[in-house]
Amino acid sequence: MKTYRIAAIPGDGIGGEVIDAGVEVLQALAARENFALAFDRFDWGGDYYKRHGRMMPQDGREQIRHHDAILFGSAGHPDIPDHVTLWGLRLAICQPFDQYANVRPTRILPGITSPLRRVSGPELDWVIVRENSEGEYSGIGGRVHQGLPEEVATDVSIMTRAGVTRIMRFAFRLAERRPRKFLTVVTKSNAQRHAMVMWDEIAAEVAAEFPAVTWDKMLVDAMTMRMTLKPESLDTIVATNLHADILSDLAAALAGSLGIAPTANLNPERQFPSMFEPIHGSAFDIMGKGIANPVGTFWSASMLLDHIGEPAAAARLMRAIERVTATPELHTPDLGGKATTRIVTDAVVAAIQADNS
Ligand code: NAD
Ligand code: MN
């Protein structure tokens, strides 16, 4: 029997709660399939930082370098500045492992109500592709004369032809595989007249390689309006690191809750393991209460299974998730319900066991 090795990194806050739930559900699933999952758990994050002065060990990446995939919770600790936790853990994995394609599917699951009037479900079915290796989050910049009146600070957005070309190809290829074969390229080339103009030009060049895909272009500010007012006019979306970061939280809210939204940080060439995580953070306001919605983690786990080559198990997990969301009594408080993480997890495990297809 094939055994996949998965690195589980819960991180902080509700990260631990949702990753425990995710591991449980994945094990229930493996019990029904002809493969096994071996989890190695890495307790890196804020508490590790308090003991060791860093978020993960020096050789941390070496320890997970040969795993088949990574299941990640959240980086973010109430006592430590956010840029330290994010750069010390999540981005310290994403960037060196060249997980340049961040894929964020958004749709309204059965039983969940969109805050948008007139949207019942089928009108909102998107995949956002986020450039995940450069752009506004390249980490280039600095501060001088700190604290003095003449202090200067920069965060430089870096766009490379290689980086933009590969994310455009990835997005067009993904759009081509979806029924509508339609891609929207998000930009801001009216105000940012260098890198974003190159971004637009490369989009047009790559489009020529994908004649089956129709595409259009949208300024990011106008994009928020289109997502809200005409969700049915969108399908696959590609945007820069910062733009897609913002747009995907909006997308998650429009689809019912941030707690449901999944993401995959992919190294498409498979030179490094890819990382799967709910898009939400540590949620300090609800941590330790046992009410974190685990659905975003479950959906991410389904993407993980697809990626490692187990699409039947991935589909079984999605069916189980959808059976559970269809039942309002099984909604956590972020969805307006009263269910706990425990109750939702048990229900998804039961739905996996009851699934006979
Ligand atoms: P957040 O996603 O943690 O929380 C935003 C709001 O959504 C909160 O009200 C929270 O209770 C709610 N929420 C989030 N996930 C939920 C879930 N699964 N179930 C129910 N409700 C949920 O965002 P934030 O408050 O801006 O950030 C908190 C910390 O998390 C910060 O340190 C931030 O840097 C970090 N963060 C990390 C990641 C990551 O590691 N990928 C992503 C976002 C934020
Ligand atoms: Mn974000």
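Conventions we followed
- Residues numbered from 1 in each chain as written.
- Chains lettered and ligands numbered in written order.
- Predicted model: local features only at pLDDT ≥ 70, side-chain atom pairs only at ≥ 80, totals over all residues.
- Heavy atoms only, no water.
- Helix = DSSP H or I, 4+ residues; strand = E, 2+ residues; numbered from the N terminus.
- Expected span 1.5 Å × (residues − 1).
- Buried < 20%, exposed > 50% of the residue type's maximum accessible area, 1.4 Å probe, protein only.
- Arc of directions from axis to C-beta.
- Bend = angle between axes of the 7 residues up to and from the residue.
- Contact = heavy atoms within 4.5 Å.
- Pairing = 2+ DSSP bridges.
- Axes fitted to C-alpha atoms, helices over the stretch in contact; angles between N-to-C directions.
- 1 Å grid on protein atoms, 1.4 Å probe; cavity = no way out; pocket = protein on both sides within 12 Å on 5 of 7 lines; lining within 4 Å.
- Points joined across faces, edges and corners; volume = space filled by probe spheres on them.
- Nonpolar A, V, L, I, M, F, W, Y, C, P; charged D, E, K, R; others polar.
- Domains from an automatic or database assignment.
- Near = heavy atom within 4 Å.
- Polar contact = N/O pair within 3.5 Å; in protein donor to acceptor, adjacent residues only side chain to side chain.
- Areas by Shrake-Rupley, 256 points an atom, 1.4 Å probe, with all protein chains shown as cover.
- Sits in = over half its atoms within 2 Å of the grid points.
- Right-handed = clockwise from strand over helix to strand, strands pointing away.
- Salt bridge = Lys/Arg side-chain N within 4 Å of Asp/Glu carboxyl O.
- Parallel < 35°, antiparallel > 145°, perpendicular 65-115°, else oblique.
- Left-handed = near helix turned anticlockwise from the far one by under 90°.

### Things to note about helix 8 (residues 241–254)
Consideration 1: Here helix 8 is 14 residues long and its end C-alpha atoms lie 20 Å apart, about the 20 Å a rise of 1.5 Å per residue gives.
Consideration 2: Restricting attention to buried positions, one finds in helix 8 the residues Asn241, His243, Ala244, Leu247, Ser248, Ala251, Ala252 and Leu254. Angularly, the buried residues of helix 8 cover 155° about the axis, an arc narrow enough to put them on a single face.

### Describing helix 4 (residues 82–94)
Consideration 1: Roughly 35° is the biggest bend found in helix 4, and it falls at Gly88.
Consideration 2: Taken together, the buried positions of helix 4 are Thr85, Leu89, Arg90, Leu91, Ala92, Ile93 and Cys94.
Consideration 3: Tucked inside the fold, the buried residues of helix 4 contact strand 1 (2–11), helix 3 (60–64), strand 3 (69–74), strand 4 (101–107), strand 11 (262–266) and strand 12 (275–278).

### Regarding the sheet that holds strand 3
Consideration 1: The strand order 2-1-3-12-11-4-5-10-8-9 describes an open sheet built from 10 strands, whose pairing is mixed. In this open sheet, the two strands that pair with only one neighbour each are strand 2 (35–41) and strand 9 (214–219). Across the sheet, the axes of successive neighbouring strands diverge by a mean angle of 25°, strand direction being ignored.
Consideration 2: Bridge analysis of strand 1 against strand 2 gives seven bridges, and the strand direction is parallel. For Arg5, the partnering residue across the bridge sits in strand 2 and is Ala38.

### Some thoughts on the layout of surface pockets
Consideration 1: Within this model, the largest pocket holds a volume of roughly 900 Å³.
Consideration 2: Lining the largest pocket are 37 residues, and of these Leu86, Asp245, Ile279, His280 and Gly281 sit closest to its centre.
Consideration 3: Counting residues per element, the ones that place at least two in the lining of the largest pocket are strand 3, helix 4, strand 6 (135–144), helix 8 and strand 12.
Consideration 4: Counting residues per element, the lining of the largest pocket draws most heavily on helix 4, which supplies seven residues.
Consideration 5: Residues of the lining of the largest pocket, tallied by class, amount to 16 nonpolar, 11 polar and 10 charged.
Consideration 6: When residues of the lining of the largest pocket are assigned to domains, at least three fall in each of domain 1 (1–101 + 262–357) and domain 2 (114–255).
Consideration 7: Roughly 740 Å³ of volume is contained in the second largest pocket.
Consideration 8: If you go around the second largest pocket, you meet 26 residues; those closest to its centre are Val103, Leu174, Arg177, Met303 and Asp306.
Consideration 9: Listed by contribution, the elements that provide at least two residues to the lining of the second largest pocket are strand 4, strand 5 (125–131), helix 5 (161–177), strand 11, helix 9 (295–308) and helix 10 (311–325).
Consideration 10: For the lining of the second largest pocket, the element with the highest residue contribution is helix 9, accounting for five residues.
Consideration 11: When grouped by side-chain class, the residues that make up the lining of the second largest pocket number 16 nonpolar, three polar and seven charged.

### Digging into the site of ligand 1
Consideration 1: Around ligand 1 lies a shell of 21 residues, among which Asp82, Gly281, Ala283, Asp285 and Asn293 are the nearest.
Consideration 2: With respect to ligand 1, the side chain of His280 contributes an N or O atom lying 3.3 Å from a nitrogen atom.
Consideration 3: Ser282 is positioned with one of its backbone polar atoms (N or O) 3.0 Å from an oxygen atom of ligand 1.
Consideration 4: Bound to the protein, ligand 1 loses 72% of the 800 Å² it would expose on its own.
Consideration 5: Assessed atom by atom at 2 Å from the grid points, ligand 1 resides in the largest pocket.

### Things to note about the pairing of strand 1
Consideration 1: For the handedness criterion, the β-α-β arrangement of strand 1, helix 1 (residues 15–30) and strand 2 is classed as right-handed.
Consideration 2: Pairing of strand 1 with strand 3, which is carried by five bridges, proceeds in the parallel orientation. From the neighbouring strand, Gly11 faces strand 3, where its bridge partner is Ser74.

### Describing the pattern of salt bridges
Consideration 1: In total, this model carries 21 salt bridges according to the counting rule given.
Consideration 2: As a salt-bridge pair, Asp79 and Lys50 come within 2.4 Å of each other at their nearest N and O atoms. Of this pair, Asp79 sits in the loop between strand 3 and helix 4 while Lys50 sits in helix 2 (residues 46–52), and the two are 29 residues apart along the sequence.
Consideration 3: By relative accessible area, which is 52% here, Asp79 ends up exposed.
Consideration 4: The structure contains a network of salt bridges with shared partners spanning Glu33, Arg316, Arg319 and Asp355.

### Looking at the packing of helix 1 against helix 9
For any two helices packed against each other, the geometry comes down to the angle between their axes and how far apart the axes lie.
Consideration 1: At their nearest, the axes of helix 1 and helix 9 sit 9 Å apart, and the two run at 45° to each other. One element, helix 1, and the other, helix 9, form an angle in the oblique class. The chirality of how helix 1 crosses helix 9 is right-handed. Side by side, helix 1 and helix 9 meet where Val18, Ile19, Ala21, Gly22, Val25, Leu26 and Leu29 of the first sit next to Thr297, Phe298, Ala301 and Leu305 of the second.

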